[in-house]
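Observations on the model geometry
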Amino acid sequence: METIKFDLNKNAGKFKAMNATNGGPWHKRHANDQWRSNFEAYKAARIPYSRNHDSNLSGSTYGGPYAHDISAIFPNFDADVNNPASYDFACTDESILTTLEAGTQTFFRLGQSIERQIKKHNTMPPKDFQKWAEICEHIIRHYNEGWADGYELNIKYWEIWNEPDLDGDGSPNKRNWGGTKAQFFDFYDTVAKYLKGRFPNLKIGGPALAGNELWAEEFLSEMQKRKVEIDFFSWHIYCTEPKYLVEKAERIKKLMNVYGYEKAESILNEWNYIKGWTEDYVYSLKAIHGMKGAAFTMACMSAAQDSSIDMLMYYDTRPSAFCGAFDYYTYEPLKGYYPLYWYGMFYDMRYEARCDVQPENVYTLCGVDENGKSLAVITYYTDDDSVADKAIAVDFGKDGKYEIYLLDEDNDGKLVKVTSDLSFVMRRNSCIMIKEI
């Protein structure tokens, strides 16, 4: 049996926003026939931010093709940028307000949803970069300054585009940015400088890197030469082990430091379990929707809390093949919901307390509240389906009584016992929450 020891007297700082997501609650405030909703469960998870990328693709859940994307909000690019009648805000308004009602701020992606169809329609570079920036300015003013019968929502994060590095310059099937790398650098330069000049107190960043780290280095180098401010650098990874996520985070942070962006936030705003995009893709989707995906989610959030990542945004909680949190048809919670919900509980903790040594394939979170009571989640995760069960003991350095909650193949975050005995045999890909009472 391996023992995990926590020093509850050592303050390791506050818990970061590690259970942010892509996609808000599945709920229609305006509909009379709304018999399905995940609003209360979504709200209970205390998700701090919801990125609105790809929300345009989710049927009518978030306004469908009439929301979020620049081409939806400003459908005629030749229209007058200063005329409120040129904008169609209604569906985006409803999505953002519903999400805010659940206690979640919108992380606003300024750009377009991915296009996988044979003919691309809105992912080519805008024909006028400056006008595109001015359109974004008016969108920000609508949500933060009340322009065009708008709101004062104080949306902080504004991200320029998504995955411009996906599919190289020579690819005939570019899904996110139909132009060249050089064109994107000019585009980002124009838009970032303009928006930062208009809104110096907002966080303007991007570019939601798909994964090409050589592209990332060239981008950061070029932005440094052009003296472009970057408040946050956003990037993505899909993998099978938390270590790959953390290792990439450190490589990204090193690049940010090298090129003068050491003060910018490092935001991983797309991640999930993917074993492969071809032969292993269906296996990956099955894993996402089961206990393996849930344990992976909890393990990654636990590992990221102690990394250089400033915010983690799960992809995704919209109705899609990548949503391991809610059932596509019933909207009811799946196994993958409980890690998001459990992590939200750590926002009540005064500080994090870390363990001295973590056993192999074990990931931990522990917090101490205002009354000195502890809350911990222990996750046993591995992508190796042949690994055996693991016997562990948890040592908080004091005696106490604890509620034990179990998330495994047979239990959905269920309270299974109240005990002072903190020794367990953990099944592969399972999670235990230990709450001091």
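Every value quoted in this text rests on a predicted model; they were computed, and no experiment measured them. (Residues numbered from 1 in each chain as written. Predicted model: local features only at pLDDT ≥ 70, side-chain atom pairs only at ≥ 80, totals over all residues. Heavy atoms only, no water.)

Of regular secondary structure, the chain possesses 10 helices and 17 strands. Against the 2.2 N^0.38 benchmark of 22 Å for 437 residues, the chain shows a C-alpha radius of gyration of 22 Å, consistent with a compact globule. In terms of principal-axis extent, the alpha carbons of the chain reach across some 70 × 55 × 45 Å. Residues counted as buried form 59% of the 437 residues belonging to the chain. Residue pairs at least 24 apart in sequence account for 74% of intrachain contacts in the chain once pairs closer than 6 positions are excluded. For the chain, the exposed area adds up to about 17,900 Å²; of that, 47% sits on carbon and sulfur atoms. (Helix = DSSP H or I, 4+ residues; strand = E, 2+ residues; numbered from the N terminus. Rg over C-alpha atoms; globule rule 2.2 N^0.38 Å. Buried < 20%, exposed > 50% of the residue type's maximum accessible area, 1.4 Å probe, protein only. Contact = heavy atoms within 4.5 Å. Areas by Shrake-Rupley, 256 points an atom, 1.4 Å probe, with all protein chains shown as cover.)

Bringing the nonpolar core into the picture now. Formed by 110 residues in total, the largest nonpolar core has its most connected members in Ile139, Trp158 and Phe219. Leaving out residues up to four positions away in the same chain, Ile139 has contacts with Ile70, Ile73, Tyr87, Phe89, Phe108 and Trp158. Core analysis: the next-biggest nonpolar cluster, separate from the first, contains 23 residues, Ile4, Ile378, Val394 and Ile404 among them. (Core = buried A, V, L, I, M, F, W, Y, C linked by side-chain atoms within 4.5 Å.)

Moving on to the pattern of salt bridges. Applying the stated rule across the entire model yields 30 salt bridges. Put simply, Lys390 and Glu2 hold a salt bridge, and the shortest N to O gap is 3.2 Å. Taken together, the positions of Lys390 in strand E13 (residues 390-395) and Glu2 in strand E1 (residues 2-5) put the pair 388 residues apart, joining distant regions of the chain. By relative accessible area, which is 13% here, Lys390 ends up buried. We classify Glu2 as partly exposed; its relative accessible area is 34%. Through salt bridges with shared partners, a single ionic network connects Asp186, Asp189, Lys193, Glu222 and Arg226. (Salt bridge = Lys/Arg side-chain N within 4 Å of Asp/Glu carboxyl O.)

Read across the sheet, six strands follow the order E10-E11-E12-E17-E14-E15 without closing on themselves; strand pairing throughout is antiparallel. Unpaired on one side and paired on the other, strand E10 (351-352) and strand E15 (412-419) mark the two borders of the sheet. Bridging between strand E14 (residues 402-407) and strand E17 (residues 430-436) involves six bridges; their strand directions are antiparallel. Each bridged residue has a counterpart across the sheet, and for Glu403 the counterpart in E17 is Lys435. Most of the contacts of helix H9 (residues 291-305) go to strand E11 (residues 362-368), to which it runs at about 60°, and overall it touches E10, E11, strand E12 (374-380), E14 and E17. (Pairing = 2+ DSSP bridges. Axes fitted to C-alpha atoms, helices over the stretch in contact; angles between N-to-C directions.)

This part is about helix H7 (residues 242-258). For H7, spanning 17 residues, the distance from its first C-alpha to its last is 25 Å, which sits close to the expected 24 Å at 1.5 Å a residue. Of all the positions in H7, only Pro242, Leu245, Lys248, Ala249, Ile252, Lys253, Leu255 and Met256 are classed as buried. Seen along its axis, H7 keeps its buried residues to an arc of 155°; they face one direction. Residues Lys254 and Val258 are exposed on H7 and point more than 90 degrees away from its buried face. Buried-residue contacts for H7 involve strand E6 (203-209), helix H6 (213-225), strand E7 (232-239), strand E8 (265-273), H9 and E11. Phi for Gly260, located one or two positions after H7, is positive at around 85°. (Expected span 1.5 Å × (residues − 1). Arc of directions from axis to C-beta.)

Before going further, it helps to spend a moment on the packing of H9 against helix H10 (residues 337-345). Two elements in contact, H9 and H10, have axes whose closest approach is 7 Å; the angle formed by their N-to-C orientations is 30°. Taken as axis vectors, H9 and H10 run roughly parallel relative to one another. Here Ala294, Thr297, Met298, Met301 and Gln305 of H9 come into contact with H10, specifically with Pro339, Leu340 and Tyr343. The class makeup of the residues in the contact of H9 with H10 is six nonpolar, two polar and no charged. (Parallel < 35°, antiparallel > 145°, perpendicular 65-115°, else oblique. Nonpolar A, V, L, I, M, F, W, Y, C, P; charged D, E, K, R; others polar.)

Attention now goes to the packing of aromatic side chains. Two aromatic rings, taken as a pair, are described by how far apart their centres are and by the angle between their planes. Across all of its chains, the model carries 51 aromatic pairs by this definition. Between Tyr87 and Trp147, the aromatic rings sit 5.2 Å apart at their centres with planes inclined by 85°, giving edge-to-face as the arrangement. You can see Tyr87 sitting in the loop between helix H2 (70-73) and helix H3 (90-101) and its partner Trp147 sitting in the loop between helix H4 (129-144) and strand E5 (157-160), a full 60 residues away along the chain. Taken together, the ring pairs in this structure connect Phe129, Trp132, Trp161, Trp177, Phe184, Phe185, Phe187, Tyr188, Trp215, Phe219 and Phe233 into an aromatic cluster. One cation-aromatic arrangement involves Lys131 over Phe77; the distance from NZ or CZ to the ring centre is 5.4 Å. (Phe/Tyr/Trp six-rings, centres within 6.5 Å; stacked < 30°, edge-to-face > 60°. Lys NZ or Arg CZ within 6 Å of the ring centre and 35° of its normal.)

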